Amino acid sequence: MKKPSLRTLNPAKFLKAGPNREARIMATEAKPLPKLNEYPANKIAIALHPKKQVVKVTNIVERASGVKSYTLKATTDTPIAYFSAGQYIVVNLQIGDYLLTRPYSISSSPKQAQVDNEYELTVKRVDGGLASNYILDNWTIGTEVTISAPAGNFTYEPLRDAKTVVGLAGGSGITPFVSLAKAIADGDEDANLMLLYGCATKNDMLFKDELDAICEKCDKVKVVYVLSNDKLEGAEEGFLSAELIKKYAPEGDYSVFICGPQGMYNYLDTQLPLLGLRKKFIRHELFGEYRNPQANADYPECVEKSVKITVVCRGDATTIEADTNDTILVSIEKAGIPAPARCRSGSCGWCRAKLTSGDVYIPKDVDGRKLADYDYGYIHPCCSFPLSDITIEIFKK
Amino acid sequence: MRTQFDVIVVGAGNGGLAAAATTARAGLSTLLLEKHNVPGGSASTFRRGRFEFEPSLHELCSVGTKENPQKIYNIFKELGCEIDWRYEYNTFRAICDGEDGYDVKLRAGFDNFCDDMEKAVPGSRESVKAFFDLVKKNDEALAYVYEKKGNPNPLVMLFKHADFLKSASHSTEEVEIALGMPEKARNIMNTYWGYLGVPTDDLNAMHYLSMVGSYVDDGAAMPYKRSHELSLALEKSITDAGGEVWYNAQVSKFLYKEDGSCCGVQLQDGTELYAKEIISNIIPNNVYGMSDPKFVPEKELKLANARTLGMTFVTIYVGLDCSKEELGIEDYTIFKMPFPNPREQFNRREEGTYYVFNCLNEVIPDASPKGTCMLFFTVPLMPGDLPENLTQYNYKKWKNELAEVYIKDCEKSMGFDIMSHIEEISVATPVSFARYLGTPNGEVYGYQNENWDSVINRSQAQFTDFTVPHLHYCGGHSVMGDGFSSAYITGHDTGIRVVNSIKGGK
């Protein structure tokens, strides 16, 4: 057998490669290139994930005492970004010098975004709740608001979730489920929803008429009202217990989706283990603003009440006073320094910043950092608390 | 805020990071601008629940070990980066459907690879060995070409490096056929074509050989904490040397002097920044879109028009609530092909199920929590392969349906029970790459390395293709083509060139 060799190939071909390439280039027309937003992939990316959206309040509905829904409509011809039921948008607010953001679940349907170019947000008055109270007191028809693109992963994923979702909602945590119920009724999501809606009294129930109407026309959605301090015909009494979930859950696999106040999460932590569900079948909405870190067992002792934070952005430093009970993000916002933020729950990484000196406390259950970020000093200011004077490098909003 | 620098690097992808680290460490005031809020471009991570996914890296070639360091290992070391490298010593398993189908696994190491190939295709050993022998010859020739800055003496090339000239000007398949490699062996040998994005009948033999040779010779490497670890190590190298890195800093305009030389950039917020030298890690097409047309040389525009945008992907990231052992996974990389021939795999990509399957836990067992594992599917597409009726409204449904097809094919052809164990799933498409990278049509690989525009041809023309004074390009779209290693090397090389031009060296 002959030894393999390249004798049949011509090395001189190489000498022509350069000139051939040059000739090919020179024979090509110097047409202007397409603009980036003309390519199909970029077009869809920009439509789904605009940097910001400017919307206007076009309708306000009082859902209950201290709870209002706001319809936000696109102000330009650009369609409002589509979303998946369960996602939130971030609202930008300026209250005096205080620049802040808040994520709110969208309570309207994806269809409404597609057809009417609008989202509905539902805001509840909270004691000491700066943003919610500001919105309830100040937003009127015509108010212009800058919001983010829809974001978040509290969505139904057909390749991951069971066919039936048992929704555990508490109080105003009903909003993402209202959107999901509508999406199922519209045929935009292919799932069954068994919604267990816990409230203290019947006056606290939101969207009851809307939910009842959906159940009426769509047999994939069912709602059971669960009142802890009240009675209502057809409603369950008590809490969202394991026993109650078992009573309404289907045979076989089901996914549990949870959205409500902290107290409900704490209670469910005692109930869900009794159901023996696999982790993949339990989905939590974001926890929201973290408060009272001092209450945690691993919070260090002897922390000063007030510290200094030096905030560096593009080489410029500003030193501000901070309360150790506030997250670093809140202190930065209170000082009127614009800072990026989205989920405010430690998870999305939008506020990611570099801690260059000092110590911080990060509650373990909301530490959503990437592995390598630990080694290189990155933190999420939205759920990090200063323990000493610190220096932090943030990136421009 | 400082607005004047020695060097501004636009884009913190692999090339931009390596370039900025090189110039900053040489003592030049360096500013790296990145539109996103994390470095790396594709070299990053994202979290879902208890999983942290690698978005893009399969494996790096040309790394080597502490004892036997190769180019990439040395670049990171030179830039002061500590990387926890992990290694994979199987090249791949290839499963091909159909009558001429096969299921073969090839180990790294030239002898192992030849043994495994001989077993799969009796009688192929000599030609496979001859193919790898070219790697060494090519390395010698390439070193000479590099030394001569892409302009070697033709006579030296003809007499001393004739085999190199042949493999540098012919396609991979032409070279393999000349060596008498049987068709089945060629198909198996050419399995890696997807890493470079061009079917092997139009992929330069020298280019393909240097990559395959490195995987077979050195094994493949990856960082312990996903590619975000690489990006952060380089970022630290820049800032430790006094360089600045600005995130959320989208460049909207390249600034030129009246003589046509590039002198700075403008950010979206209007900030103007100036430097002696500008390095673009972003693709020339985008730079032209951000430049006054009168400063874009006509020949560069012709070149951009003559080129084809490089590959893009659908990638599926899956976190499972069972271990890889429970599923029976024993391979890090499996190439799954509906047809044995690369050209057919490419041309019929939309009707078939050609994909790469990876299980990171095979190399990094604790990459996800105990009792779980992570899978990564990569489906190559060309920019423009999106369905015509795709809109923001049907996009999610489309990508989920696509993911289901590939996951089900994997279940069928490899026998893994995936569907019932999905705890987290995320599907990226050209739309996702367009979103995060901002590249035209979501391309990931820059420009196609078709043989007329091969790495070797680009390298010869690198000082005549781009002629705007003080503007340099690096990254996957530049001289060495796509791939992590290529991007780091071009970034590093460009950094050195800029250092020399500012400091007056060679």
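Nothing here was measured: the structure is a model prediction, and the numbers come from that model.

Caption draft 1: Quick look at the overall build of chain B. The helix and strand tally for chain B stands at 20 helices and 18 strands. In summary, chain B has a C-alpha radius of gyration of 22 Å against a globular reference of 23 Å for 506 residues, a match within 12%. Taken over the C-alpha atoms alone, chain B extends approximately 65 × 60 × 50 Å along its principal axes. Burial status across chain B gives 67% buried among its 506 residues.

Caption draft 2: Summary view of the pairing of strand S11 (residues 255-259) of chain A. All names here are of chain A. S11 sits mainly inside the fold: five of its five residues count as buried. Relative to S11, strand S7 (residues 164-170) runs parallel, the two being bridged by five bridges. Paired with Gly-167 across the bridge in S11 is Phe-257. In this sheet, strand S12 (residues 282-284) lies alongside S11 in parallel orientation, the contact comprising three bridges.

Caption draft 3: Representation of the packing of aromatic side chains. Scanning the model with the defined rule gives 41 aromatic pairs over all chains in all. Ring centres of Phe-92 of chain B and Tyr-192 of chain B lie 5.0 Å apart, and the angle between their planes is 85°; this geometry places the pair in the edge-to-face category. Here the residue Phe-92 of chain B occupies a position in strand S6 (residues 90-96), and Tyr-192 of chain B occupies one in the loop between helix H8 (183-189) and helix H9 (193-196), the gap between them amounting to 100 residues. An identical accessibility class is assigned to Phe-92 of chain B and Tyr-192 of chain B; each is buried. Aromatic ring contacts, followed pair by pair, group Phe-46, Phe-51, Phe-53, Tyr-317 and Phe-376 of chain B into a single cluster. The side chain of Arg-369 of chain A reaches across the aromatic face of Tyr-374 of chain A, ending 4.1 Å from its centre.

Caption draft 4: Up close: helix H17 (residues 430-437) of chain B. Among the residues of H17 of chain B, those classed as buried are Pro-430, Val-431, Ser-432, Phe-433 and Ala-434 of chain B. Those residues of H17 of chain B that are buried are in contact with helix H2 (40-48) of chain A together with strand S13 (312-320), strand S16 (373-381), helix H16 (395-414) and strand S17 (422-428) of chain B. Gly-438 of chain B lies just past H17 of chain B and shows a positive phi near 70°.

Caption draft 5: The arrangement of the side chain of Glu-424 of chain B in detail. Relative to the elements of secondary structure, Glu-424 of chain B occurs in strand S17. Overall, Glu-424 of chain B belongs to the buried group, its relative accessible area being 7%. A distance of 2.8 Å separates the side chain of Glu-424 of chain B from the side chain of Arg-283 of chain A, its partner in a polar contact.

Caption draft 6: Structural context of the domain arrangement of chain A. Residue and element names in this part refer to chain A. According to the domain assignment, chain A contains domain 1 (47-147), domain 2 (164-284) and domain 3 (295-393). Summarising the inter-unit geometry, the C-alpha centres of domain 1 and domain 3 are found 27 Å apart. In this assembly, ten residues from domain 1 lie in contact with eleven residues from domain 3. Overall, the association of domain 1 and domain 3 removes approximately 820 Å² of surface from exposure, summing both partners, and the carbon and sulfur fraction of that is 53%. Of all residues in domain 1, Tyr-98, Leu-99 and Thr-101 give up the largest surface area on contact with domain 3, accounting jointly for 52% of the area buried on that side. For the pair domain 1 and domain 3, the number of links is zero salt bridges. It is strand S4 (residues 98-105) that provides the largest number of residues to the side of domain 1 that touches domain 3, a total of six residues. For the side of domain 1 that touches domain 3, a count of residues per class yields six nonpolar, one polar and three charged.

Caption draft 7: Geometry of the packing of helix H1 (residues 13-26) of chain A against helix H13 (residues 298-306) of chain B. Between H1 of chain A and H13 of chain B, the least distance of the axes is 8 Å, while the angle of their chain directions is 95°. Our classification of the angle between H1 of chain A and H13 of chain B gives roughly perpendicular. Contact residues: Arg-21, Glu-22, Ile-25 and Met-26 of chain A in H1 of chain A; Lys-299, Lys-302, Leu-303 and Ala-306 of chain B in H13 of chain B. Counted by class, the contact of H1 of chain A with H13 of chain B contains four nonpolar, no polar and four charged residues.

Caption draft 8: A look at the environment of Leu-32 of chain B. Residues and elements named next belong to chain B. Within the element layout of this structure, Leu-32 appears in strand S2 (residues 30-33). The exposure class assigned to Leu-32 is buried, which follows from its relative accessible area of 0%. Each C-alpha atom of the pair Leu-32 and Gln-250 lies 11 Å from the other, and the pair is 218 residues apart in sequence. When near neighbours in sequence (up to four residues on either side) are disregarded, Leu-32 contacts Val-9, Gly-11, Ala-12, Gly-16, Leu-17, Ala-20, Ile-238, Glu-244, Val-245 and Trp-246.

About the thresholds
- Residues numbered from 1 in each chain as written.
- Chains lettered and ligands numbered in written order.
- Predicted model: local features only at pLDDT ≥ 70, side-chain atom pairs only at ≥ 80, totals over all residues.
- Heavy atoms only, no water.
- Helix = DSSP H or I, 4+ residues; strand = E, 2+ residues; numbered from the N terminus.
- Rg over C-alpha atoms; globule rule 2.2 N^0.38 Å.
- Buried < 20%, exposed > 50% of the residue type's maximum accessible area, 1.4 Å probe, protein only.
- Pairing = 2+ DSSP bridges.
- Phe/Tyr/Trp six-rings, centres within 6.5 Å; stacked < 30°, edge-to-face > 60°.
- Lys NZ or Arg CZ within 6 Å of the ring centre and 35° of its normal.
- Contact = heavy atoms within 4.5 Å.
- Polar contact = N/O pair within 3.5 Å; in protein donor to acceptor, adjacent residues only side chain to side chain.
- Domains from an automatic or database assignment.
- Buried area = accessible area lost by both parts, 1.4 Å probe.
- Salt bridge = Lys/Arg side-chain N within 4 Å of Asp/Glu carboxyl O.
- Nonpolar A, V, L, I, M, F, W, Y, C, P; charged D, E, K, R; others polar.
- Axes fitted to C-alpha atoms, helices over the stretch in contact; angles between N-to-C directions.
- Parallel < 35°, antiparallel > 145°, perpendicular 65-115°, else oblique.

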